[in-house]
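Report on the structure
These are the residues of each chain, in order.
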Amino acid sequence: MDDYISVQTAAKKWKVTPRWVNDYCNNGRIPGAKRWEGKKDWLIPKNTKKPVDARTKTAKAKSGEAKPFLKWAGGKGQLLTEIGKYYPFAEKKHIKKYAEPFVGGGAVLFDVLNKHTVDEVYISDINAELINTYITIRDNSDELISRLKTMESDYLAKDADARKKAYLEARARFNALKRDGIRDAEAATLMIFLNRTCFNGLYRVNKAGDYNVPMGAYKNPQICNEDNLLNVSKKLQNANIICGDYKDSASFIDDKTFVYFDPPYRPLTKTANFTSYTEHLFDDSKQLELANFVQDLDNKGALIVISNSDPKNTDENDNFFDDAYSKQNIRRVAANRMINRNSDARGKINELLITNF
Ligand SMILES: C[S@@+](CC[C@H](N)C(=O)[O-])C[C@H]1O[C@@H](n2cnc3c(N)ncnc32)[C@H](O)[C@@H]1O
């Protein structure tokens, strides 16, 4: 018995409430915890360290909420409140059809899925490795989680030099699979591993299409968030997940569909041309094609929200989007972004939220 402590003692030691300790035990978070003979109280192995997750994160994960499983450039985390004002069916918490044809990290997707029941979901992206990761989480989460857990424990046990070697090996393997067009659980595992350990969670490829982001400097990166991956998997069970151009969504979208378009943003300055999500560029002519596509869907009766950068941040005479979306409503909302990665111009700038309702 000397090798164990009570829930009360653990609670004092870890500076949490006894209820919290009981929760950890009930959820299998404390290896070796056992019930006191004939009683319902838990006994905890004496030298157990406090489980690492923050309580709020655990509580959220337990409630089944899903959140983006990758860091992704242009992530919409900070615009959710503004975009959320447009969820048109918020009262009934029910949406018949939801489409997000430039899904990226899916911040809005998961917000919509956490807050509503949705009968049919369509998500797409041109990035094949990203879409393979979504599909693997939907269809093969057990294998993915087990592979990620192994990678995580191997990686965290290494010193700095060995980590660097492991990172470069993982990147080389990811690129070999990418070049061969192999999209499976291994490729999805590497996608998440690289995203969690690379510099700033960037996804960038060179001209040859090779992922070329250097390693980041995280001491203790979380590589496998099992609870969240399982929640994401549940939320995506009935989703259509498509690798392809946003225009492929036309056959899904009808007058019952709420659509959110988050295309690559139009650069605010000539040097800020961040267009390396994939080998595909999204230039002004593509922005105008999208505006025409939106007009077609508007004619079909879909409810549409589009976000983009506001050219007026750097040139108040630039009416590019005001002209392209002259038939829609345009709102300017404040966001914290870097205007240009080579300048100091950070802080509040405006972004556009364009809607047809
Ligand atoms: C601004 S990001 C989306 C960010 C996302 N909303 C989030 O919260 O992470 C734009 C996405 O569009 C994808 N993309 C670029 N061109 C595309 C195209 N023609 N069709 C579909 N997706 C495309 C990129 O791969 C990228 O993931």
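The structure under discussion appears in the preceding block.
Residues numbered from 1 in each chain as written. Predicted model: local features only at pLDDT ≥ 70, side-chain atom pairs only at ≥ 80, totals over all residues.

1. A look at the overall build of the chain
Counting its regular elements, the chain contains 12 helices and 10 strands. Scored against the burial criterion, the 357 residues of the chain give a buried share of 34%. (Helix = DSSP H or I, 4+ residues; strand = E, 2+ residues; numbered from the N terminus. Buried ≥ 20, exposed ≤ 12 C-beta atoms within 10 Å, placed from the backbone.)

2. What to know about the environment of Lys165
Along the chain, Lys165 falls in helix H8 (residues 160-179). Considered as a pair, Lys165 and Met215 are 50 residues apart in the sequence and their alpha carbons are 9.9 Å apart.

3. Let's talk about helix H7 (residues 141-156)
Taking 1.5 Å as the rise per residue, H7 with 16 residues should run 22 Å; its terminal C-alpha atoms sit 22 Å apart, in good agreement. Those residues of H7 that are buried lie in contact with helix H6 (128-139), helix H9 (185-197) and helix H10 (226-235). (Expected span 1.5 Å × (residues − 1). Contact = placed C-beta atoms within 7 Å.)

4. With respect to the site of the ligand
Around the ligand sit 23 residues in total, of which Gly74, Phe102, Gly104, Gly105 and Asp262 are the nearest. Among the secondary structure elements, those contributing two or more residues to the shell around the ligand are helix H5 (107-115) and strand E5 (117-125). (Near = placed C-beta within 6 Å.)

5. Brief notes about the sheet that holds strand E8 (residues 303-309)
With respect to topology, seven strands assemble into an open sheet ordered E6-E5-E4-E7-E8-E10-E9, the strand pairing being mixed. Lying at the two open borders of the sheet, with one neighbouring strand each, are strand E6 (239-243) and strand E9 (329-336). For this sheet the average axis-to-axis angle between neighbouring strands, irrespective of direction, equals 20 degrees. Of the strand pairs in this sheet, E5 and E6 are connected by five bridges, and their pairing is parallel. When the sheet's bridge partners are listed, Tyr122 is paired in E6 with Asn240. With respect to the sheet, H5 is in contact with strand E4 (94-100), E5 and strand E7 (257-261), its orientation differing from that of E4 by roughly 170 degrees. Strand contacts of H6: E5 and E6, with the helix running at about 155 degrees to E6, the strand carrying the most contacts. (Pairing = 2+ DSSP bridges. Axes fitted to C-alpha atoms, helices over the stretch in contact; angles between N-to-C directions.)

6. Here's the deal with the packing of H7 against H9
Running from N to C, H7 and H9 cross one another at 50 degrees; their axes reach a closest spacing of 9 Å. Comparing their axes, H9 and H7 come out oblique. Viewed along their axes, H7 and H9 form a crossing whose handedness is right-handed. Contact with H7, carried on its side by Glu143, Leu144, Arg147, Leu148 and Met151, involves Ala185, Glu186, Ala188, Thr189, Ile192 and Phe193 of H9 and no other residues of that element. Each residue belonging to the contact of H7 with H9 can be placed in one class, and the counts come to seven nonpolar, one polar and three charged. (Parallel < 35°, antiparallel > 145°, perpendicular 65-115°, else oblique. Left-handed = near helix turned anticlockwise from the far one by under 90°. Nonpolar A, V, L, I, M, F, W, Y, C, P; charged D, E, K, R; others polar.)

7. Structural notes on the environment of Thr197
Looking at where Thr197 falls in the secondary structure, it is placed in helix H9. A sequence separation of 26 residues divides Thr197 from Ile223, and the C-alpha atoms of the two residues are 7.7 Å apart. Not counting residues up to four positions away in its chain, the partners in contact with Thr197 are Tyr167, Met215, Gly216, Tyr218, Pro221 and Ile223.

8. A few points about the nonpolar core
One finds Val112, Ile123, Val259, Phe261 and Ile304 to be the most contacted residues of the largest nonpolar core, which totals 64 residues. By residue number, the principal contributor to this core is H9, which donates eight residues. The residues that make up this core include at least three from each of domain 2 (61-126 + 244-357) and domain 3 (140-231). Apart from residues no more than four positions distant in its own chain, Phe261 is found in contact with Pro101, Phe102, Leu290, Val294, Ile304 and Ile306. Listed in part, the 10 residues of the second largest apolar core include Ile5, Ala10, Trp42 and Ile44. (Core = buried A, V, L, I, M, F, W, Y, C linked by C-beta atoms within 7 Å. Domains from an automatic or database assignment.)

9. A short note on the sheet that holds strand E1 (residues 4-6)
Across the sheet, three strands lie side by side as E1-E3-E2; this open sheet has antiparallel pairing. Looking at strand neighbours, the two that pair on one side only are E1 and strand E2 (34-35), the edges of this open sheet. Two strands pair when backbone bridges link them, and E2 and strand E3 (residues 42-45) are joined in this way by two bridges, in the antiparallel orientation. Note on E3: the bridge partner recorded for Arg35 is Trp42.

10. Re the packing of H8 against H9
Following both chains from N to C, one finds H8 and H9 inclined at 135 degrees, their axes separated by 10 Å at the closest point. Here H8 lies oblique to H9, going by the angle between them. Helix-helix and strand crossings are classified by hand; for H8 and H9 the assignment is left-handed. In contact with Tyr167, Ala170, Arg171, Arg173, Phe174 and Leu177 of H8, H9 contributes Glu186, Ala187, Leu190, Met191, Phe193, Leu194 and Thr197. Looking at side-chain class alone, the contact of H8 with H9 contains nine nonpolar, one polar and three charged residues.

11. Topic: unusual backbone geometry
For Lys15, which is not glycine, the phi torsion reads 55 degrees and is therefore positive. If you trace the backbone, Lys15 turns up in the loop between helix H1 (7-14) and helix H2 (18-26). When the 8 C-beta atoms within 10 Å are taken as the criterion, Lys15 is described as exposed. Located in the positive-phi region is Asn200, a residue other than glycine, with phi close to 60 degrees. You can see Asn200 is positioned in the loop between H9 and H10.

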